[in-house]
Amino acid sequence: MALAHELYGTPASRLDSFVAQWLQPSRKWKEEVLQVVRTVEQFLRQEFFYWEQGLDQEVRVLKVVKVGSFANGTVIRGTTDVELVVFLSCFHSFQEEAKHHQAVLRLLRKKACCCQDLLALGLNGLSVAQGVPDTLVFTIQTGETAEPINVTIVPAYRVLGTSAPNSQLPPEVYVSLIKACGYPGNFSASFSELQRNFVKHRPTKLKSLLRLVKHWYQQAHHPGPSRPHPQRGRRVPMGHNGSEGLPVPETELLL
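Residues numbered from 1 in each chain as written. Predicted model: local features only at pLDDT ≥ 70, side-chain atom pairs only at ≥ 80, totals over all residues. Heavy atoms only, no water.

A.B. asks: What exactly am I supposed to notice about the packing of helix H2 (residues 15-23) against helix H9 (residues 204-221) here?
C.D. replies: What describes two packed helices is the angle between their axes and the distance between those same axes. Packing of H2 against H9 leaves a shortest axis separation of 10 Å and a crossing angle of 65 degrees. Along this stretch, H2 crosses H9, giving a crossing that reads as left-handed. Residues Leu-15, Asp-16, Phe-18, Val-19 and Leu-23 of H2 touch H9, and the partners they reach there are Lys-205, Ser-208, Arg-211, Leu-212 and His-215. Taken together, the residues of the contact of H2 with H9 sort by class into 5 nonpolar, 2 polar and 3 charged. (Axes fitted to C-alpha atoms, helices over the stretch in contact; angles between N-to-C directions. Helix = DSSP H or I, 4+ residues; strand = E, 2+ residues; numbered from the N terminus. Left-handed = near helix turned anticlockwise from the far one by under 90°. Contact = heavy atoms within 4.5 Å. Nonpolar A, V, L, I, M, F, W, Y, C, P; charged D, E, K, R; others polar.)

This is how it looks when you write it as structure tokens:
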């Protein structure tokens, strides 16, 4: 809690210095994480996934999108989570995504465990994690970080198509989402580009404020020394629900 006490005693005029000194990750760390992300993206884009139980067609990767704080520029020092959304050709609707989600996760897991580039980076803990939605998770150890990088892959339906991520969506998109009748949050990854860009292109001052809010929240509500992979346990929504001591998933903060 030392940093929390320092934050409370920091005047407004020195908050930028506090963020730069304590919260912004080092350039070397960001470069190493980017290398991990590039390796994972290369694996996803180069692989062609064929028939598996529940799938009757070739599965191609249409696009890979970095989301979460690392993608939108609000990551704080000590964060070890990277999330990638993978848009796939086998999803033509929200209903098809719900139907084939588990089969795609099995395919991704099967291919990942044989990928030499990932194995060379120390691939470990490869598993399908239950959540909203279910995801593929694994860890990669880098030279700069004391803790391994937690990577989460989320297969999704590319509902936005090739339209500009900041453009207004046609009403049909929302109609199809309502008709899908999915569990709340199941299809949020399809809109991840909108969520990311909502913050990514904002001024640095706002991003610094978001870093301060996340730092305060983690210190005040989740000070536990151990931080297991956020996708391997129950997701922790913002607000009070008896989740004291549990880690805060980046996807729940939406920052």
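On we go from here.
A.B. asks: Quick question: what am I supposed to make of H9 here?
C.D. replies: Each α-helix turn comprises 3.6 residues. Residues three or four places apart therefore point the same way. Its 18 residues place the ends of H9 26 Å apart at the C-alpha level, agreeing with the 26 Å of an ideal helix rising 1.5 Å per residue. Inspection of H9 places Lys-207, Ser-208, Leu-210, Arg-211, Leu-212, Lys-214, His-215, Tyr-217 and Gln-218 among the buried residues, and these make up the whole buried set. (Expected span 1.5 Å × (residues − 1). Buried < 20%, exposed > 50% of the residue type's maximum accessible area, 1.4 Å probe, protein only.)

A.B. asks: What is the right way to read the sheet that holds strand S2 (residues 81-88) from this model?
C.D. replies: The strands that make up a sheet are held in pairs by hydrogen bonds between backbone atoms, and each pair lies either parallel or antiparallel. As summarised here, the arrangement of the 5 strands in space is S1-S2-S5-S4-S3, forming an open sheet in which the pairing is mixed. Across the chains shown, the open sheet's two edge strands, defined by having one partner strand only, are strand S1 (61-67) and strand S3 (124-129). For this sheet the average axis-to-axis angle between neighbouring strands, irrespective of direction, equals 20 degrees. Against the sheet, helix H5 (residues 94-112) makes contact with S2, S3, strand S4 (135-140) and strand S5 (149-156), and its axis sits at roughly 140 degrees relative to S5, the strand it touches most. Sheet strands in contact with helix H8 (residues 192-200) are S1 and S2, and its direction is about 35 degrees off that of S1. (Pairing = 2+ DSSP bridges.)

A.B. asks: What am I meant to see in a nonpolar patch on the surface here?
C.D. replies: On the surface, Tyr-8, Leu-206, Leu-209, Val-213 and Trp-216 cluster together into a nonpolar patch covering about 450 Å² of accessible area. With 4 residues, the single largest contributor to the nonpolar patch is H9. Classification of Leu-209 as partly exposed rests on a relative accessible area of 45%. (Patch = residues over 30% accessible without salt bridge, like charges linked within 9 Å, V, L, I, M, F, W, Y side chains within 5 Å. Areas by Shrake-Rupley, 256 points an atom, 1.4 Å probe, with all protein chains shown as cover. Salt bridge = Lys/Arg side-chain N within 4 Å of Asp/Glu carboxyl O.)

A.B. asks: How should I be thinking about the pattern of salt bridges in this particular structure?
C.D. replies: Between side chains of opposite charge, a pair can form as their charged atoms come close. On inspection of all chains with the given rule, the structure shows 4 salt bridges. With its nearest N and O atoms 3.6 Å apart, the salt bridge here joins Lys-66 to Glu-41. A residue pair is termed long-range when its members are at least 10 positions apart, and Lys-66 in strand S1 and Glu-41 in helix H3 (residues 27-46) qualify at 25 residues. The exposure class of Lys-66 is partly exposed, given its relative accessible area of 27%.

A.B. asks: How should the pairing of S2 be read in this particular structure?
C.D. replies: One face of the sheet, then the other: side chains in a regular strand alternate in exactly this way. S2 sits mainly inside the fold: 8 of its 8 residues count as buried. Side chains of S2 alternate between two faces, with Asp-81, Glu-83, Val-85 and Phe-87 and Val-82, Leu-84, Val-86 and Leu-88 buried alike. Bridge count for S1 against S2 is 6 bridges, and the pairing is antiparallel. The residue of S2 that forms the bridge with Val-64 is Val-86.

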